[in-house]
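Observations on chain architecture
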Amino acid sequence: MVTTKDGAQIFYKDWGPKDAQPIVFHHGWPLSSDDWDNQMLFFLANGYRVVAHDRRGHGRSSQVDTGHDMDHYASDASVLVEHLDLRNAVHIGHSTGGGEVARYVAKYGEPQGRVAKAVLISSVPPLMVKTEKNPGGTPIEVFDGFRTALAENRAQFFLDVPTGPFYGFNRPGAKALQGVIQNWWRQGMMGSALAHCEGIKAFSETDQTDDLKAITVPTLVMQGDDDQIVPYKDASLLQAKLLKRGTLKIYPGFPHGMMTTHADVINADLLAFIRS
């Protein structure tokens, strides 16, 4: 555990040689660092130091009632990085974790000279919600529906999401993996209903255009074109345009949770990018 400036306890894992290049993983909503098990074992086997934490209110971190916003998420990540004194790090974020990476790298990581590269996987920036300036975004009513479903029956909602759109198991011919669904549910239910509810606003209504513009390190942008959670035309395509040194990879038919369903492909591409 590491303690943040406002007293939140953040759970983290730190595996591998302490003199190896660190890879820091930032998980999506409403999950935990366990969502990166496959990637952490893969990169550990390839000689890297791997670090991942549970966002405040998620997983094993403390269920605080404040700070469920992108600024605190990034600040908490910075506290962990400084605590471990990580340098030359590669930061990889999935979904909401991609927003966390963008804010962290722009506000802390690059100014402190601690970041070598970044990766955004199926990530929420620059802005998810539909506005006048973001006409391709998702209507606010969709996110209000998330909040209602979470408040009415979080346990059922957290079964419906992975069973359906998150991994593309609702597509014709898709083979649903029961263990993956149950693991998603397990991770979600470990966290705080309040953190999850307030986190919806954080991932959907935070405009991160300026964060993306501020990042100068090489950044890999990865997304499936069958992402039913974060529409790729309003996410990865725009990220690649805003980043100074962005590389875009679109995967035909891959779902939102593609680093779980297609780990072999994603891991190989991540490794190639980090080594390049």
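To keep things clear, this report deals only with the structure shown in the data block. (Residues numbered from 1 in each chain as written. Predicted model: local features only at pLDDT ≥ 70, side-chain atom pairs only at ≥ 80, totals over all residues. Heavy atoms only, no water.)

**Comments concerning unusual backbone geometry**
The phi angle of most residues is negative, glycine excepted, and most peptide bonds adopt the trans form. Pro-30 follows Trp-29 through a cis peptide bond whose omega is -5 degrees. Relative to the assigned elements, Pro-30 resides in the loop between strand S4 (22-26) and helix H1 (37-45). Here the amide bond leading from Pro-125 into Pro-126 is cis, since omega sits at 5 degrees, within 30 degrees of zero. Relative to the assigned elements, Pro-126 resides in the loop between strand S7 (115-121) and helix H4 (140-163). The phi angle at Asp-85 is positive, at roughly 50 degrees, despite the residue not being glycine. Relative to the elements of secondary structure, Asp-85 occurs in the loop between helix H2 (70-84) and strand S6 (89-94). One non-glycine residue, Ser-95, adopts positive backbone phi at about 60 degrees. Within the element layout of this structure, Ser-95 appears in the loop between S6 and helix H3 (96-109). (Helix = DSSP H or I, 4+ residues; strand = E, 2+ residues; numbered from the N terminus.)

**Here we look at the sheet that holds strand S5 (residues 49-53)**
The seven strands lie next to each other as S3-S5-S4-S6-S7-S8-S9, forming an open sheet whose pairing is mixed. Two strands bound the open sheet, and with one partner strand each, they are strand S3 (12-15) and strand S9 (246-251). Shown here is a sheet whose adjacent strand axes are inclined to one another by a mean of 15 degrees, direction ignored. Sheet analysis places strand S8 (residues 219-224) next to S9, joined by six bridges and oriented parallel. Note that in S9 the partner of Leu-220 across the bridge is Thr-247. (Pairing = 2+ DSSP bridges. Axes fitted to C-alpha atoms, helices over the stretch in contact; angles between N-to-C directions.)

**With respect to the pattern of salt bridges**
Following the criterion strictly, the structure yields 19 salt bridges and no others. For Arg-60, the salt bridge is made with Asp-34, and the minimal N-O distance between the two is 2.8 Å. With a gap of 26 residues between them, Arg-60 in the loop between S5 and H2 and Asp-34 in the loop between S4 and H1 connect regions that are remote in the sequence. Of the charged contacts in the structure, one is a salt bridge between Asp-71 and Arg-103, with a shortest N-O distance of 2.5 Å. Here Asp-71 is found in helix H2, whereas its partner Arg-103 is found in helix H3, with 32 residues between them in sequence. Counted as one network, the salt bridges with shared partners bring together Lys-13, Asp-34, Asp-37, Asp-54, Arg-60 and Arg-186. (Salt bridge = Lys/Arg side-chain N within 4 Å of Asp/Glu carboxyl O.)

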